[in-house]
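Topology and contacts: notes
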Amino acid sequence: MRGIKLIERFKSTQVHALNPPDTTVVNTTGSSSTAGKLNNHRVKFIGSKLKSNKASSVSAAKTLLPFGLPRADLLEPPIEPHLKQIQLVETLADLYRRFETCLESEKSLICIEQYSFLGSLGDLKLLRRCLRVARQHAFDVHSKVVLSAWLRYERREDELDGVFPMDCSGFILECPKAALVSGYDPNTIYDHCKCYQECTKSADAQISKGNECLTLEEDSDISFYVCNEEINCIRFKIAALSSPFKTMLYGSFIESKSYKIDFSQNGISVEGMRAVDLYSRNRRVDLFSPEIVLELLSFANRFCCEEMKSACDIHLASLVSCIEDALVLIEYGLEERANVLVASCLQVLLRELPSSLYNPKVMKIFCSFEARERLASAGHASFFLYYFLSQVAMEENMVSNATVMLLERLRECATEKWQKALALHQLGCVLLERKEYRSAQYCFEAATEAGHVYSLAGMARSKYKQGQQYSAYKLMSSLISEYKAVGWMYQERSLYNVGKDKIADLNIATELDPTLSFPYKYRAVSKAEEKQTRAAISEIDRIIGFKLAPDCLELRAWFFIVIEDYGSALRDITALLTLEPNYRMFNEQISGDDLIELLNHKVQQGSQADCWMQLYERWSSVDDIGSLAVIHQMLVNDPGKSLLRFRQSLLLLRLNCQKAAMRCLRLAHNLSSSEHEKLVYEGWILYDTGNREEALARAEKSILIQRSFEAFFLKAYTLADSSLDPESSSYVIQLLEEALRCPSDGLRKGQALNNLGTIYVDCGKLDQAANCYMNALEIKHTRAHQGLARVYLLRNQRKAAYDEMSKLIEKAHNKASAYEKRSEYCDREMAKNDLNMATKLDPLRTYPYRYRAAVLMDDQKETEAVEELSKAIAFKPDLQMLHLRAAFYESIGDLNSALCDCEAALCLDPNHMDTLDLYNRARDRATHPQENVRGMGS
């Protein structure tokens, strides 16, 4: 491995090469956002020769650290390719107001604008909602085609065995046929579509061309000669095809008096002219071959036969089913301006993403300036299209020529300021990665001029890369002094600072935004350089505890190798590969699988039975990362086990790794050998993407085939995901009891018992609930302590509830939620301590902020209460926190701020009833201030 050299970035002059032939494998899965593709905050390593003095002091370096040690001065965070607003709440509020008051035709574009601003948050469900609403309000064919394909891409349903890109999901929202129909009804967009196979034409409806010609010749009163062959037609029917024909046959031209017309010089074949005659009589094109229909299309264009052109356009569009068809027919469509045909071809190419990006012929259609002009002439070059294409290209290969060209086309399509800022900023990020620093600086400057303040960070980085460190420092310092401080500002300035000032900037960055991973990584590597490896592990543990990122797991694994804790290193690398199966370690110089093979020589491997025992142990100690690692090892022993992939997905969802979880669910489906299991996995995919009714249908169908634990559990879980009345609760209880009667392992039965206990508690059946939780604890489902504590509280046994949660804290590896829940069972001071600990362990949990703010509000410390919420909203604009802060603002009479927070919250969820009520009340008070004063006086 010492012989492996760092592969240089390949810069090809080939226009359409998305993935240069001699680059390393590009990682395409697992990352939660496009920013994850931008080096994944990679740990930069220095070659072992340059650091031989240190490497020699580490016993593991010769075999496990062939590329040397990480260096703090080589670390740097990526410039994220998203629009990041300093005042995101105000931006979201403005988007909500505009959406509510704009024309219907403008709503889709506002949704995509919202998508661009929410991208930096990494919440896939929020982003999907933006796309769904954008598709709901799209009424032109082009927008429908692009947005339907985009939704399909986000769901990746085509990765399921037996499902193909052009298959219909059953809903209008993503239906390929519905997308080709102009006009819209936003109230029916979520309904089922009417996709059925074309009925076989009955034999008597198919009249042979020859017979039809013979029977129709008697009516003919005009003949057209093509290549010395006579085609008999009906004058008034030909004249009815278009105004030019009507003028020619009934006007002052010589043809109006002729009964025989030479048509040889008009570029149509004999077969084509016969088809024109037949079409003039029956107005059908489905009787002809595609070649003849193409000839009719050209003829219709030449003689302005609009109805014939439309019929040919629609018919040809219905024939496009694969990339080969699309590549051939799109050329005809563009040449003849057959917009529906172009849309149909475009739809196929988009629904084949990302694989179609690697087809040079496909890229030729999209990439060049001339290609965009051709698409534009047919009404199919839009900001929507190139935004979608460039997002996929950046995820696939950030530095490819195709990515650059697609972003150039995106910039050309941009008309509004935010669109220009987005295109320029993303192009700047790509050029920065390609080490084209001067060009990157130009793009970031232009994006800043378009109003995107975050692009100043890219501008500073570009200057720094060109040796202008002090200029970069001054730029970031002026930014900090001019605007309200945000975490990324201090993080960026730290790169250009030194010594204690650098650490101070990083600490402030963490205080303002604890979700930024770079400060933790820098502090950890700095400690490791000072031989404080245990302290380095503790530092990186801080962020891994609430935000699972591959680069942080890689760094911690390296630290464990240094102290020769190979078991822990192996755990982290196998968990990492669950998130990103193609991840390459040590600045992309060695694959994760190769490093695992080396570590396996250092760690004793257990049998599959041993792994099951370890999994029970990890699961019961609420060690999700450890559980992922064990399942990864089990899959090495038994790679075809669908159940294990399903377990992976459950853990990944718990760790908020949604993309990786969906990938594992799809793999579980593909590996399953039974239909009833496949239906369950499809059901979970549908449930997780918001298709609740379809998920229920899959569960019921699976039960009809075979009664199984997972099918009953899926049905119960889906039904319980809504407000349950007593009758519904009783039915869910029956379903969970049925699940428990079916064969399964203790891990899943523990979960079912825990869920059953929760339903019993909601129904007031505390004894049955306690029994469920006790049974769950007997099979080591440790989370059942939380349910049992709730039962004790409802029995007015507060001390017992507190003790029960203390047991969970003692056992659990991930303790933040346990501290948060225990705070409900103790006095205010102890609750404050528990919630402070919950925030320290996981600053993304919102309840602690809301509780502390409510206490401050009760103590009439309004300013401090608002500030408590504001510091969390700054890095996590959560719906509940925005609602609570709006309520605080309303109570102290700051109605403008209350309305702003309500509007931002409704931008995230327009159907949140509590916020809607508060918004209407605050708006009424703001509109009628005098009435409010009189009401208070009375």
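An unreviewed UniProt entry lists the chain under the name Ethylene-overproduction protein 1, with Theobroma cacao as the source organism.

By size, the foremost hydrophobic cluster in this structure holds 240 residues, and its most contacted members are F263, F299, M308, L350, F366 and F559. Apart from the residues within four sequence positions on either side, F299 is in contact with F245, F263, I268, M273, V276, C305 and M308. Counting 61 residues, the second largest nonpolar core, distinct from the first, contains M662, L740, C742 and A770.

In this chain, L353 is followed by P354 through a cis amide linkage whose omega measures 5 degrees. Looking at where P354 falls in the secondary structure, it is placed in the loop between α14 (339-351) and α15 (360-366). Non-glycine residue R283 carries a positive phi angle of around 55 degrees. Here R283 is to be found in the loop between α10 (270-282) and α11 (290-302). Although it is not a glycine, K780 adopts a positive phi angle of roughly 65 degrees.

Once that is clear, we can look at the pattern of salt bridges. Applying the stated rule across the entire model yields 53 salt bridges. Across the salt bridge formed by E903 and R97, the nearest N and O atoms sit 2.4 Å from each other. Placement of E903 in helix α48 (residues 895-908) and of R97 in helix α3 (residues 88-101) is noted, with a sequence separation of 806 residues between them. Accessibility expressed as a relative area gives 35% for R97, which makes it partly exposed. Between R925 and E890 there is a salt bridge, with its nearest N and O atoms 3.8 Å apart. Note that R925 is positioned in helix α49 (residues 913-927) and E890 in helix α47 (residues 879-891), a separation of 35 residues in sequence. Among the ionic contacts, a cluster of salt bridges with common partners joins D94, R97, R98, E113 and E903.

Cross-referencing UniProt, the feature "repeat: TPR" (unreviewed entry) maps to residues 750-783 in the present numbering. In residues 750-783, helix accounts for 76% and strand for 0%; the two terminal C-alpha atoms are 9 Å from one another.

Okay, the packing of helix α13 (residues 323-336) against α14 next. Running from N to C, α13 and α14 point in directions that differ by 150 degrees, and their axes come no closer than 8 Å. Relative to α14, α13 is oriented roughly antiparallel. For α13 against α14, the interelement crossing comes out left-handed. Along the contact surface, α13 presents I323, A326, L327, L329, I330, G333 and L334, while α14 presents L341, V342, C345, V348 and L349. Here the contact of α13 with α14 is composed, by residue class, of 11 nonpolar, 1 polar and no charged.

Between helix α17 (residues 383-396) and helix α19 (residues 417-433), the shortest axis-to-axis distance is 12 Å and the interhelical angle comes to 20 degrees. The angle between the axes of α17 and α19 places the two elements in the roughly parallel class. Here α17 and α19 pass one another in a crossing that is left-handed. Across the interface between the two elements, F383, Y387, S390, Q391 and M394 of α17 pack against W418, Q419, L422, Q426 and V430 of α19.

A few words now on the pairing of strand β2 (residues 229-233). Bridge count for strand β1 (residues 222-226) against β2 is 5 bridges, and the pairing is antiparallel. When the bridges of β2 are listed, S223 appears paired with N232.

How each quantity is defined
- Residues numbered from 1 in each chain as written.
- Predicted model: local features only at pLDDT ≥ 70, side-chain atom pairs only at ≥ 80, totals over all residues.
- Heavy atoms only, no water.
- Core = buried A, V, L, I, M, F, W, Y, C linked by side-chain atoms within 4.5 Å.
- Buried < 20%, exposed > 50% of the residue type's maximum accessible area, 1.4 Å probe, protein only.
- Contact = heavy atoms within 4.5 Å.
- Helix = DSSP H or I, 4+ residues; strand = E, 2+ residues; numbered from the N terminus.
- Salt bridge = Lys/Arg side-chain N within 4 Å of Asp/Glu carboxyl O.
- UniProt positions renumbered as here; feature names shortened; annotations may be inferred.
- Axes fitted to C-alpha atoms, helices over the stretch in contact; angles between N-to-C directions.
- Parallel < 35°, antiparallel > 145°, perpendicular 65-115°, else oblique.
- Left-handed = near helix turned anticlockwise from the far one by under 90°.
- Nonpolar A, V, L, I, M, F, W, Y, C, P; charged D, E, K, R; others polar.
- Pairing = 2+ DSSP bridges.

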